[in-house]
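Survey of secondary and tertiary structure
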Amino acid sequence: GEVNIGFTGPLSGGAALYGENTLSGLRMAVAEINAAGGFDLNGEKTMVNLVSLDDRYSPAQAATNAKRLKQESNVSAVFVPHSGGIFALQDFNEKDNFLVMAYSSVPSITEKGNSLTLRIPPTFDGYVRAFTDYALEHEGKKLGMGGATHEYAKIWGAMIKKEWESKGGEVVSDNPMDYNKSADFFTGVSRIISESPDVMFVGGASEPTGLVVQQARQMGFQGGFIVMDQAKIDEVAQVAGGLDMVEGAIGVVPLSVYDTAAAKDFIERYKAEYDKMPGSEAAYNYLALHALVEAMDATESTDPKTIRAAIGDALKNMDTRKNPYEVTEVTENGGFVTETTLAVVKDGEIVREEIK
Amino acid sequence: MFKVASLLMTPAAKYLMLAFAILFPLVAANEYQVYVMATAFVWAIAVYGLNIITGFCGQLNLAHGGFFAIGAYTLGLLTADYGWSFWPAFLGALVMTAVLGFLVGIVSLRLKEHYFAIFTLCVGFIIYLLIDKWEELTHGAIGVRDIAAPYGFGLVDFTDTTPFYYLVLAFLVFAIWFMGRLSKSLLGRTFIAIRNGDELAQSLGINLMRNKVLAFVLSTTYAGLAGALYAGMVRFIGPEEANINHTFDMITYLLVGGIGTIMGPLLGTVGIVWITQSLQFLEEYRMIIFGPLLVLLVIFFPRGITGSFLTWMHRKSQALAPTKKRQENKVKTAQNREAESNA
Amino acid sequence: MLKVENVTKMFGGLAAVSDVSVEFEAGRINAIIGPNGAGKSTFFNLISGLHQPTSGRILLDGVDVTSLPSDQVARLGVGRTFQTTNLFEQATVLDNLIVGHRLRTKSGLWDVLINSKRLQREEKAARDKAMEALEFVGLTSVAGQLITDITQEERKRVAFALALATDPKIVLLDEPAAGVNPEETVGFAALMRKMVDEKGLTVCLIEHKMDMIMSLADKIMVLDHGEKIAEGTPEEVRNNPVVIEAYLGGDEDAAA
Amino acid sequence: MSLFLQQIINGLTLGSIYGLVALGLTLVYGILHIPNFAHGALYMVGAFMSYFFMVDLGAHYWIAMAGSAAVVAVLAILCERLVFHPLRHSPPIHDKIAAIGILLFLEAVVQMFWGSDFRRMSSPFTGIMNFDGLIIPEQRLLIIAGAFVLVVALQLFLRKTMTGATIIAMAQSREGAFLVGIDANRVAMMTFAISGMLAAFAATLYAPINLVYPAMGHLVIMKAFVIIILGGMGSVPGAIAGGMIIGFAEALGGFYISTSYKDIIAFGLLVLILSVRPQGLFAKGAH
Amino acid sequence: MLQLNHVDVCYGSFKALTDISMTVDAGELVVLLGANGAGKSSLFNAISGLVKPTAGEIQFEDKQLNGMKASAVVASGVVQCAEGRKLFPQMSVMQNLMMGAYVHRRDRQGNRKRLNEVLELFPILADKADEPAGSLSGGQQQMVAIGRAMMSRPRLLMLDEPSLGLAPLVVKQVFETVKQINSLGTTVLLAEQNAFAALKIAHRAYVMENGHLVMEGDRETMLGNEQVRKAYIGA
Ligand SMILES: Nc1ncnc2c1ncn2[C@@H]1O[C@H](COP(=O)(O)OP(=O)(O)OP(=O)(O)O)[C@@H](O)[C@H]1O
Ligand SMILES: Nc1ncnc2c1ncn2[C@@H]1O[C@H](COP(=O)(O)OP(=O)(O)OP(=O)(O)O)[C@@H](O)[C@H]1O
Ligand SMILES: CC(C)C[C@H](N)C(=O)O
Ligand SMILES: [Mg+2]
Ligand SMILES: [Mg+2]
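Rules used in this analysis
- Residues numbered from 1 in each chain as written.
- Chains lettered and ligands numbered in written order.
- Predicted model: local features only at pLDDT ≥ 70, side-chain atom pairs only at ≥ 80, totals over all residues.
- Heavy atoms only, no water.
- Helix = DSSP H or I, 4+ residues; strand = E, 2+ residues; numbered from the N terminus.
- Rg over C-alpha atoms; globule rule 2.2 N^0.38 Å.
- Buried < 20%, exposed > 50% of the residue type's maximum accessible area, 1.4 Å probe, protein only.
- Contact = heavy atoms within 4.5 Å.
- Areas by Shrake-Rupley, 256 points an atom, 1.4 Å probe, with all protein chains shown as cover.
- Lys, Arg positive; Asp, Glu negative; His and termini not counted.
- Charge placed at Lys NZ, Arg CZ, Asp CG, Glu CD.
- Axes fitted to C-alpha atoms, helices over the stretch in contact; angles between N-to-C directions.
- Parallel < 35°, antiparallel > 145°, perpendicular 65-115°, else oblique.
- Left-handed = near helix turned anticlockwise from the far one by under 90°.
- Nonpolar A, V, L, I, M, F, W, Y, C, P; charged D, E, K, R; others polar.
- Buried area = accessible area lost by both parts, 1.4 Å probe.
- Salt bridge = Lys/Arg side-chain N within 4 Å of Asp/Glu carboxyl O.
- Polar contact = N/O pair within 3.5 Å; in protein donor to acceptor, adjacent residues only side chain to side chain.
- Patch = residues over 30% accessible without salt bridge, like charges linked within 9 Å, V, L, I, M, F, W, Y side chains within 5 Å.
- Near = heavy atom within 4 Å.
- Pairing = 2+ DSSP bridges.
- Arc of directions from axis to C-beta.
- Phe/Tyr/Trp six-rings, centres within 6.5 Å; stacked < 30°, edge-to-face > 60°.
- Lys NZ or Arg CZ within 6 Å of the ring centre and 35° of its normal.

Bringing the overall build of chain E into the picture now. For chain E, the helix and strand inventory stands at 10 helices and 10 strands. Here the C-alpha radius of gyration of chain E, 17 Å, is about what a compact globule of 235 residues would show, namely 18 Å. Over its C-alpha atoms, taken along the principal directions, chain E stretches across nearly 45 × 40 × 30 Å. Counting only residues that meet the buried cut, chain E has 61% of its 235 residues in that class. For chain E, the share of sequence-separated contacts (at least 6 apart) that also reach a separation of at least 24 residues comes to 67%. Counting only carbon and sulfur atoms, one obtains 48% of the accessible surface of chain E, whose full area is about 9,000 Å². Considering chain E, the positive charge centre built from 24 side chains and the negative charge centre built from 23 side chains are found 6 Å apart.

The next thing to look at is the packing of helix α1 (residues 16-35) of chain A against helix α12 (residues 280-299) of chain A. Residue and element names in this part refer to chain A. Packing of α1 against α12 brings their axes to within 7 Å, and their N-to-C directions diverge by 40 degrees. Relative to α12, α1 is oriented oblique. The two elements α1 and α12 meet at a crossing, and its hand is right-handed. Contacts between α1 and α12 pair Tyr 18, Asn 21, Thr 22, Ser 24, Gly 25, Leu 26, Met 28, Ala 29, Val 30, Glu 32 and Ile 33 from the former with Glu 281, Ala 282, Asn 285, Tyr 286, Leu 289, His 290 and Val 293 from the latter. Tallied by class, the residues present in the contact of α1 with α12 amount to 10 nonpolar, six polar and two charged.

The parts lose accessible area when they come together, and the size of an interface is often stated as this lost area. Listed by partner, the interface residues are 43 residues for chain B and 54 residues for chain D. Between chain B and chain D lies a buried interface of about 4,200 Å² when both sides are counted; carbon and sulfur atoms form 76% of it. Here chain B is connected to chain D by zero salt bridges. At the surface where chain B touches chain D, the tally comes to one residue pair in polar contact (both at pLDDT 80 or more). At the level of secondary structure, the elements contributing two or more residues to the side of chain B that touches chain D comprise α6 (113-133), α12 (244-257) and α14 (286-300) of chain B. With 13 residues, the single largest contributor to the side of chain B that touches chain D is α6(B).

Glancing now at a nonpolar patch on the surface. Residue and element names in this part refer to chain B. A cluster of nonpolar side chains, namely Tyr 15, Leu 18, Phe 20, Ile 22, Leu 23, Leu 26, Val 27, Tyr 166 and Val 173, defines an oily patch on the protein surface of about 880 Å² accessible area. When residues of the nonpolar patch are traced back to their parent elements, those giving at least two are α2 (11-27) and α8 (161-184). For the nonpolar patch, the leading source of residues is α2, giving seven residues. Tracing the backbone through its elements, the reader meets Phe 20 in helix α2. Taking relative accessible area as the criterion, Phe 20 reaches 47% and is therefore assigned partly exposed.

All names here are of chain A. Every residue lining ligand 3 is accounted for by Tyr 18, Tyr 57, Pro 81, His 82, Ser 83, Ser 104, Tyr 152 and Gln 230. Here Tyr 57 contributes a side-chain N or O atom positioned 3.1 Å from a nitrogen atom of ligand 3. Ser 83 has a polar backbone atom sitting 3.1 Å from an oxygen atom of ligand 3. For ligand 3, the protein covers 95% of the area, taking 280 Å² as the surface of the free molecule. Its residues assigned to classes, the shell around ligand 3 shows four nonpolar, four polar and no charged.

Attention now moves to the pattern of salt bridges. Inspection of every chain in the model, using the stated rule, returns 48 salt bridges over all chains. Across the pair C:Lys129 and C:Asp167 runs a salt bridge, and its minimum N-O distance is 2.5 Å. One end of the pair, C:Lys129, is in helix α5 (residues 117-137); the other, C:Asp167, is in the loop between α6 (152-165) and β7 (170-174), and 38 residues separate them in sequence. Each of A:Glu32, A:Asp265, A:Arg269 and A:Arg321 takes part in one network of salt bridges that share partners.

Now for the sheet that holds strand β10 (residues 227-232) of chain C. Whether parallel or antiparallel, the strands of a sheet pair through hydrogen bonds between backbone atoms. All names here are of chain C. Spatially, the six strands line up as an open sheet ordered β6-β7-β8-β3-β9-β10, and their pairing is mixed. In this open sheet, the two edge strands, each paired with only one partner strand, are β6 (78-80) and β10. Taking the axes of each pair of neighbouring strands and ignoring which way they run, one obtains an average angle of 20 degrees across the sheet. Strands β3 (29-33), β7 and β8 (202-206) of the sheet are contacted by helix α7 (residues 182-199), whose axis makes an angle of about 155 degrees with β8.

Bringing unusual backbone geometry into the picture now. We note that A:Asp275 has phi near 60 degrees; this positive angle belongs to a residue other than glycine. By the element assignment, A:Asp275 lies in the loop between α11 (261-274) and α12. Residue A:Asp275 is classed as exposed on the basis of its relative accessible area, which comes to 70%. Located in the positive-phi region is E:Arg153, a residue other than glycine, with phi close to 50 degrees.

On to the site of ligand 2. Near ligand 2, the surroundings consist of 17 residues, among which E:Gly37, E:Lys40, E:Ser41, E:Ser42 and E:Glu161 are the closest. In this structure ligand 2 sits where residues from chains B and E come together. In the environment of ligand 2, an oxygen atom lies 3.1 Å from a nitrogen or oxygen atom belonging to the side chain of E:Gln193. When ligand 2 is considered free in solution it has 630 Å² of accessible area, and contact with the protein chains removes 81% of it. Looking at the shell around ligand 2, the element that brings in the most residues is helix α1 (residues 40-48) of chain E, giving three residues.

Looking only at helix α3 (residues 93-100) of chain E, the buried set comprises E:Val93, E:Asn96, E:Leu97, E:Met99 and E:Gly100. Buried residues along α3(E) cover an arc of 160 degrees about the axis, so they all sit on one side. Buried-residue contacts for α3(E) involve α6 (162-172) of chain D together with α4 (108-121), α5 (123-127) and α6 (138-151) of chain E.

Once that is clear, we can look at the packing of helix α9 (residues 206-218) of chain A against helix α10 (residues 233-240) of chain A. Residue and element names in this part refer to chain A. The interhelical angle for the contact between α9 and α10, taken along N-to-C directions, is 55 degrees, at an axis separation of 7 Å. On the basis of the axis angle, α9 is oblique to α10. As α9 packs across α10, the resulting crossing turns out to be right-handed. Where α9 approaches α10, its residues Ser 206, Glu 207, Thr 209, Gly 210, Leu 211, Val 213 and Gln 214 are matched on the opposing element by Glu 235, Val 236, Val 239 and Ala 240. A breakdown of the residues in the contact of α9 with α10 according to their chemical character gives five nonpolar, four polar and two charged.

Let us look at the packing of aromatic side chains. For the structure on display, the rule yields 46 aromatic pairs over all chains. Considering the side-chain rings of A:Phe87 and B:Phe236, the 5.5 Å spacing of their centres and the 45 degrees angle between planes classify their relative orientation as tilted. Of this pair, A:Phe87 sits in helix α3 (residues 83-90) while B:Phe236 sits in the loop between α11 (208-234) and α12, each in a different chain. Judged by relative accessible area, A:Phe87 falls into the buried class, the value being 5%. The exposure class assigned to B:Phe236 is buried, which follows from its relative accessible area of 3%. Taken together, the aromatic side chains of A:Phe124, A:Tyr127, A:Phe131, A:Tyr152, A:Trp156 and A:Phe201 make up a single cluster linked through ring pairs. Note that A:Arg352 overlies the ring of A:Tyr258, its terminal NZ or CZ placed 5.0 Å from the centroid. A cation over an aromatic ring shows up here: C:Lys194 above the ring of C:Phe136, its NZ or CZ 4.5 Å from the ring centre.

Below, the structure written as structure tokens:
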């Protein structure tokens, strides 16, 4: 037998890279399951088939794709890596009976009470708190806002601003920039550092974030950075011109410095497969697909509601090799529970810090 | 281009198509196909609008997608943020796109040809930027959620795909009917006269500005209608609805279907929407096929599906009446000129 | 009928028409001649509202039309043809002419929507008018052909008919017989005569064909460098030494 | 003061790049009346070719620039031959759609070979000059100087050489050009080649301070269209001036008003100017 | 010098020229008469390589012109001064003339010599040398067009209705100039509506009707022919 699992995400256009990375994790998980001879569903050896469709980051196209995946491939779950698409799908997924595997940290995804949604990454409120605390303690009180302008970054930015001010910090300049379309950040960055902040909030995709950091340094900015979780410090450093350039940056712990066996093992296998360092979108979606199949295996069912109910146990019982982030719990609303982590660049090295 | 009246296909063909459209949900393999068809019809309505200003009146409007987005946002914001119910908000969307169309029209239509095209390209981009940046009003990049679906006064549930399909079909039929009537009327002829030569039209006593603005407002209202239906269907919208790519898509539909014809916008839209859907299996590589396909279509079927069909009909009727030899379509023969110097 | 008072038109530093005053009487054929670039076409453009004069006044039957746009001037009864025959190339002859009568109709969007009586009436009127104009210029046989398919001479006639379809009081014809061979030129002259005699129109024409002008015009105005250098009957103009020097030249053979 | 000067430098940098891209666009428009929407894709391919020569083949920056210019020139010629030439008698809208077809194709091909990753390409000019607080990275200076040199070279070519004059002649009257024995094909191909080369130069100059990725041409081409309308379609000086206007509007507007509104400023400026001067700022002095 | 054998030209399915055979000898001034749409311009364009003949061959001296590119035809010495002038409107008069020398661009000295000859022929152009050609009056533009054609050093010059839309005075000048050009040794093929004036300076003439050559003869025969007088010269 064969069971279909759906994916809709940007595979062409400006966000194609992001979609590809997500898909790579899913593909790797599928390959592993099938190489092991599939899984057992009601006593039948069942292979997994990933059906992926391009939506160019458009919510409407994501909705069309989801309809198609449901109708033509009878999938019980659809992976979507962007909040717009997730919202569009949440409009009808309960009616059409499929699980939305949401890869997005926007909190409202799980706050709406959709019974067939699973949020894979952690919401970012944990980061917001942790990063703020750390930066206020180690870097200074003056924050310059230089984040990106897409929806995700907007929500992030708004939250950190609020958090920063409520903890007694001061936001000295607020100048978000379009990371995806801008031709040049020199002007925007100079506007921010002309108010001489101690810390700069930056972040969109890693690479443009690297440019922003580099240009800030070129213009003489000496302070630290709060790096939004979409960007990974190691990738940022590569673009910016080395870890020295990002000294004092606070961000999520990049997969590359996770020292758990599960993570290291995953990185190894991913590198062998794709010849590059995996990002978190690959790792998270990888583990989510494994968990999904694990749940099917355990319940002998492909019914979305049944799977949804069993996913928590599946995560717990799963082989840790399939779970690089060691997620073991799902909240009532369907959010995967991940330990919030924090990394800083100190003396040219990325070090993981405990969160108080 | 031929006499516009002759651009209408035979009535029999039209009724056949209508019958097919009505039966489609019954013969469709699944709901997804109905959904795609409904999406295609929504776009087709917008493309009919583009046909009025660009096909009939000859002004290439690159802000069309922007007006589509304005229609969608008006409906979305009125229902989600201001608690309006669907149908009043729907009317609101029509009025809004008409009024904004009027305002943009009186400024932009003073420009001609490429200047008008690029000017409206910028207007379209400004609409996008405003939707993206004016967060207090539009929620910016976050988009609008919880948009109301059309209600059927207790009779039908338009949140189901099939009833919604028929709703869109009804609007589409109206849009086409009106377009057909317009094209044959004195008003439609006036638009076409402007396309064919505005200086001459003016010397014949035609008020260019008034007519062009009228055509523009009509076209933006069509776009607004489509946008509002779209919002009621997807029920989540974001700034990307105003992306310039949508405008380019619509121009492509129009051109492939047959610009300035009555059935062209429908055939082009439905055709391409299905082609794109069926190239999905190629994923990120589908543009490698679609791009050249577009180029080939434009080169070898310059008058679109409908236009090529009509030329073919024309040829056939000419072949039957050899005495009218001189009437053979000479437009094409211009290609003979320069042939060598440029070969 | 048409009165032009001290009209000047500047293009940048160039006075294309400078301080010209003239009066054209109703029911006459008035000709304008002059060397190339003298400002003849510009003069027509000023009357028809395509350009606005820099100074001066233009009165049509006592109504000041100086700064009206060309569509309004057309509605007041000024029909015209262009120096390069300007037609709606992609449409049939009949469709061209139907649009020509649009200015005398009123139906708008609402009429289209409800298919009103008025719309039906006006569409018929426009069609009738078109056929009438076509008959007048003797082209009923090509009514259904595309403009691109008819001959140069037929195009010129269609241009006439188009001007007539607007129900004008006065028609401005810019070099109607240019590039037309002598035999057909005679036909055009007859047509213009007929416009005046049968339709009671006033005709203004620009032409370089002296034979035709001399036998056809009731009155001739001569422009040179934008200025009016002479005015009068063909006889007067032909013998005016200034005109001979600037325009006609001594020997008239070349003007055959 | 130095902050203001800093913005002036930024404006110059941006203006130089925009100007170069717009220049190629305006040339093709002026001569062949094609608003080439695929020009942004040529720019993008230019960046990728330089990247390929430098990173994959290890060529020197200047060699890579020359190689990229050559490849893109050939590509542009192919576009002309295979697409625009067969469409030369079609209504203008056909060109636009075909150009979009080319754009989609080129983007997909690049993505097929290089993926959609953001790539980083550095040049040998990584130093930073600091004039008493005014910071100018060397690459930015190179951009400004490079644009200046290219524009002067192009003007000399068009004005002083017979071959250049044929381009101008074609722009003014195709038939006239045939009558004096100018080979229309040659001129059309040459124009496209120059336009492609300019795009490649611009991309190679700019890439080291930016990223290289398949969608990188999108916004640049939008701006380039704004510029050639501002400057008057087909006008070479207009393209440069328009580029500078937009560059400065972005730098100064982005600094003194708001970075997120800087695009609105640029496009709004155009709407404003065209509302007052429908023919663009420099329409008169075409060429 | 020029020889056409059974040339046909079609636009789509419309046959503009049928079975045209004619000759022009070196040093001659030959006039082509015909009503509007008879096919005169089509014939010129076929010779110039601007439209492709569908049948027949065109021989110039020892070269075969049909199948040649327009640019190659000009280079081989057959130059057309087309209906409607086709100048470069924003270029100066001087630049227009120099563009005429395009096919001889390497021979700078020869071009300068030629330029002096042309300016001698049209002294007014020297005064207007730096003005944009588009700003000139119709007559002056016609002179630029002829001058530009002369700059291409034609051995056969084809003039398509050079008197079209010109004032009588200028028409006279144009015909005088054409005659002068011919007497200086350039072979001329002239299409004209203004038959009388054209015949007066011609050696020979052809008459076209509906794409066919229907008559041929020398000046005297033509001027004396009743039919020609009636149809092309007027009463
Ligand atoms: N739109 C314009 N802008 C600038 N100059 C113009 C314009 N129209 C005409 N001119 C100039 O005005 C002068 C008069 O031109 P006009 O066309 O009226 O001459 P004309 O008498 O009709 O000549 P022809 O007999 O050759 O047609 C010319 O020098 C011409 O170049
Ligand atoms: N490019 C073309 N496409 C189609 N038909 C054409 C084309 N050019 C000319 N014709 C037709 O060919 C015939 C001959 O035209 P041509 O221009 O050669 O005539 P002509 O003798 O030069 O006339 P005129 O005296 O008006 O210049 C005409 O019927 C014309 O309509
Ligand atoms: C980049 C991701 C972490 C977030 C994703 N783009 C979203 O839409 O939510
Ligand atoms: Mg004139
Ligand atoms: Mg001719």
